[in-house]
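As a plain string of letters, each chain reads:
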Amino acid sequence: MSVTTLRCLLPRHIRTLLPARSYYSQSFPIPHTRQFNHTTALPYRASYSTSRPTSPPPPKQDIEMAEPTGLIAKSGIELLTFGTPNGFKASILLEELKAAYGKEYTYQTINIQKNTQKEPWFTAISPNGRIPAIVDHDNNNFPVFEGLAILNYLARRYDPEHRFSFPVDSDEYSEAEQWMAWQHGGLGPMQGQANHFFRFGQEKPPYAVQRYVGETERLYGILDARLAGRDFVVGGRFSVADISLLGWVNMATLSGVDMAMFPNVQKWLDRCLERPAVQKGFAVPGGPSQFSNAALAKALEADPEKRKAAEESLRFLNECKEKYGYKYASP
Ligand SMILES: N[C@@H](CCC(=O)N[C@@H](CS)C(=O)NCC(=O)O)C(=O)O
């Protein structure tokens with residue numbers, strides 16, 4: 001029985017005591033394939049740790065599992081994450097470090113639909129109550145939250161050969177930091193709001209829709225210009241600057257962004273997606289996302305109903321833009 005069904009069966013006065021469903025409950029349905037929890041699914045515990053063989057997933061059915069209630073690893077990096085654009089930043093770098101240096105890590109799925117990220121044990125690690133977060137058990141259980149800080153912490157400590165980062169005193173280090181700051185202050189928050197108002201919000205106010213999708217397009221224009229004549233965002237090679245952006249760009253379609261407008265970004269995305277560790281990072285913790293640009297394109301191709309709905313969304317987006325005289329401009 002699903003939580004939703006259970007909710008419906010409860011008397012109303014009890015139901016109102018339960019936490020409200022967040023918008024993520026519509027936007028990020030729980031992938032069943034790897035939602036394991038150590039408290040209820042001991043046979044599958046091995047799948048938490050990328051250092052051990054992955055057990056076969058449980059049957060795809062209505063499995064309700066208790067959420068993590070604390071840390072499970074004793075050594076190495078423990079990642080607490082979910083399959084969202086910010087969540088993938090940490091898992092991609094961890095997969096790259098594993099491929100490059102053999103550095104293993106453990107992860108737990110923090111289901112943000114269930115508000116596990118607001119539990120006291122979690123906010124002791126990540127005070128903002130959001131994923132991703134890591135704990136370094138080899139450094140006195142040191143906790144790190146915020147994608148940029150996680151990427152830089154892991155790079156400083158565990159990328160001694162600078163395969164995905166740059167020496168702290170180099171100009172490239174500063175350049176990478178600038179683009180990562182831009183992702184944190186600009187692309188992430190704006191695209192997040194575009195997602196919310198255009199796609200998942202309970203209301204879709206036309207002003208907010210064109211404002212946030214428009215601002216996201218403007219930011220994609222900046223990235224497209226940066227990538228003109230460049231293979232990667234900084235220093236001619238794949239680095240934390242690319243990783244910071246990948247999760248968002250890989251879900252651009254969902255946010256109403258037409259990738260055809262940004263050919264340099266599209267080519268860069270394809271280039272990054274060729275990397276096996278990037279593919280693996282995108283599959284942590286719940287398997288490949290059904291909301292990636294590629295997955296959505298495939299779903300539209302296969303399903304005329306979905307195609308029709310997508311066309312309607314696009315029509316609505318264009319109406320919102322027209323209503324407020326939006327014209328694409330970047331910068
Ligand atoms: N700036 C943060 C943003 C983290 C963030 O917004 N995480 C979202 C998922 S993409 C989250 O945990 N949402 C749950 C919530 O809002 O309660 C980062 O890059 O790590």
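Predicted, not measured: the structure shown is a model, and the values here were computed from it.

## Focus: the overall build of the protein chain
In step 1: Regarding its fold elements, the protein chain presents 13 helices and 4 strands.
In step 2: The proportion of buried residues among the 331 residues of the protein chain is 37%.
In step 3: Contacts in the protein chain between residues far apart in sequence, at least 24 positions, make up 71% of those at least 6 positions apart.

## Describing the site of the ligand
In step 1: Looking at the ligand, there are 14 residues lining it, with Thr84, Asn86, Ile112, Arg130 and Gly147 nearest.
In step 2: Here the shell around the ligand is composed, by residue class, of 4 nonpolar, 8 polar and 2 charged.

## Brief notes about the nonpolar core
In step 1: Ranked by size, the top nonpolar core spans 68 residues in total, and within it Leu93 and Val240 carry the most contacts.
In step 2: Top contributing element to this core by residue count: helix α7 (residues 171-200), with 9 residues.
In step 3: When residues of this core are sorted by domain, at least three fall in each of domain 1 (23-57 + 65-158) and domain 2 (171-323).
In step 4: Setting aside anything within four residues of it in sequence, one finds Leu93 in contact with Leu151, Leu154, Phe164, Val240 and Ile243.

## Regarding α7
In step 1: The terminal C-alpha atoms of α7, which comprises 30 residues, lie 40 Å apart, in line with the 44 Å expected from a rise of 1.5 Å per residue.
In step 2: Helix geometry: α7 is bent most strongly at Gln183, by close to 45°.

## Considering the sheet that holds strand β3 (residues 133-136)
In step 1: Reading across the sheet, the 4 strands line up as β2-β1-β3-β4 and stay open at both edges, with mixed pairing between neighbours. Taken across any chain shown, the strands that pair with only one partner, and hence form the sheet edges, are β2 (105-109) and β4 (142-145). In this sheet, adjacent strand axes meet at a mean angle of 20° when their direction is disregarded.
In step 2: Note that strand β1 (residues 77-81) and β3 share 4 bridges and pair antiparallel. The residue of β3 that forms the bridge with Glu78 is Val135.
In step 3: Taken strand by strand, helix α4 (residues 87-101) contacts β1, β2 and β3, and its axis lies near 150° from that of β1.

## Some words on the pairing of β2
In step 1: Judged by how many residues are buried, β2 sits mostly within the fold: 5 of 5 residues are covered.
In step 2: Of the two faces of β2, the one lined by Tyr105, Tyr107 and Thr109 and the one lined by Thr106 and Gln108 are each fully buried.
In step 3: Note: β1 against β2, 5 bridges, orientation parallel. If you follow Glu78 over to β2, its bridge partner there is Thr106.
In step 4: In the classification by handedness, the crossover that spans β1, the intervening α4 and the parallel β2 is right-handed.

## Details of the packing of α7 against helix α8 (residues 206-227)
In step 1: For the pair α7 and α8, interaxial distance at closest approach is 8 Å and the crossing angle is 145°. By crossing handedness, the relation of α7 to α8 is classed as left-handed. Listed contacts from α8 to Gly186, Leu187, Met190, Gln191, Gln193, Ala194, Phe197 and Phe198 of α7 are Ala208, Val209, Tyr212, Val213, Glu215, Thr216 and Leu219.
In step 2: Of the residues that constitute the contact of α7 with α8, the class distribution is 10 nonpolar, 4 polar and 1 charged.

## So, the confidence of the model for the protein chain
In step 1: For the protein chain, per-residue confidence averages 85 on the pLDDT scale, and 81% of positions sit at 70 or higher.
In step 2: Per-residue pLDDT stays below 50 along residues 1-63; that stretch engages in 79 contacts with residues further than four places along the chain or on separate chains.

## A few points about unusual backbone geometry
In step 1: The peptide bond linking Val284 to Pro285 adopts the cis configuration, its omega dihedral lying at 10°.
In step 2: If you trace the backbone, Pro285 turns up in the loop between α11 (276-282) and α12 (293-302).
In step 3: At the junction of Ser330 and Pro331, the peptide bond is cis and its omega measures out at 5° in the coordinates.
In step 4: Residue position: Pro331 is located in the segment after α13 (304-323).
In step 5: Phi at Asn140 takes a positive value of approximately 55°, unusual for a residue other than glycine.
In step 6: Examined against the element boundaries, Asn140 turns out to sit in the loop between β3 and β4.

## Section: the environment of Pro331
In step 1: A residue is classified by how many C-beta atoms lie within 10 Å of it, and Pro331, with 7 of them, is exposed.
In step 2: Considering only alpha carbons, one finds Pro331 and Arg218, 113 residues apart in sequence, at a separation of 6.2 Å.
In step 3: Other than its neighbours up to four places away in sequence, Pro331 contacts Arg218, Gly221 and Ile222.

Rules used in this analysis
- Residues numbered from 1 in each chain as written.
- Predicted model: local features only at pLDDT ≥ 70, side-chain atom pairs only at ≥ 80, totals over all residues.
- Helix = DSSP H or I, 4+ residues; strand = E, 2+ residues; numbered from the N terminus.
- Buried ≥ 20, exposed ≤ 12 C-beta atoms within 10 Å, placed from the backbone.
- Contact = placed C-beta atoms within 7 Å.
- Near = placed C-beta within 6 Å.
- Nonpolar A, V, L, I, M, F, W, Y, C, P; charged D, E, K, R; others polar.
- Core = buried A, V, L, I, M, F, W, Y, C linked by C-beta atoms within 7 Å.
- Domains from an automatic or database assignment.
- Expected span 1.5 Å × (residues − 1).
- Bend = angle between axes of the 7 residues up to and from the residue.
- Pairing = 2+ DSSP bridges.
- Axes fitted to C-alpha atoms, helices over the stretch in contact; angles between N-to-C directions.
- Right-handed = clockwise from strand over helix to strand, strands pointing away.
- Left-handed = near helix turned anticlockwise from the far one by under 90°.
- pLDDT = per-residue confidence, 0-100.

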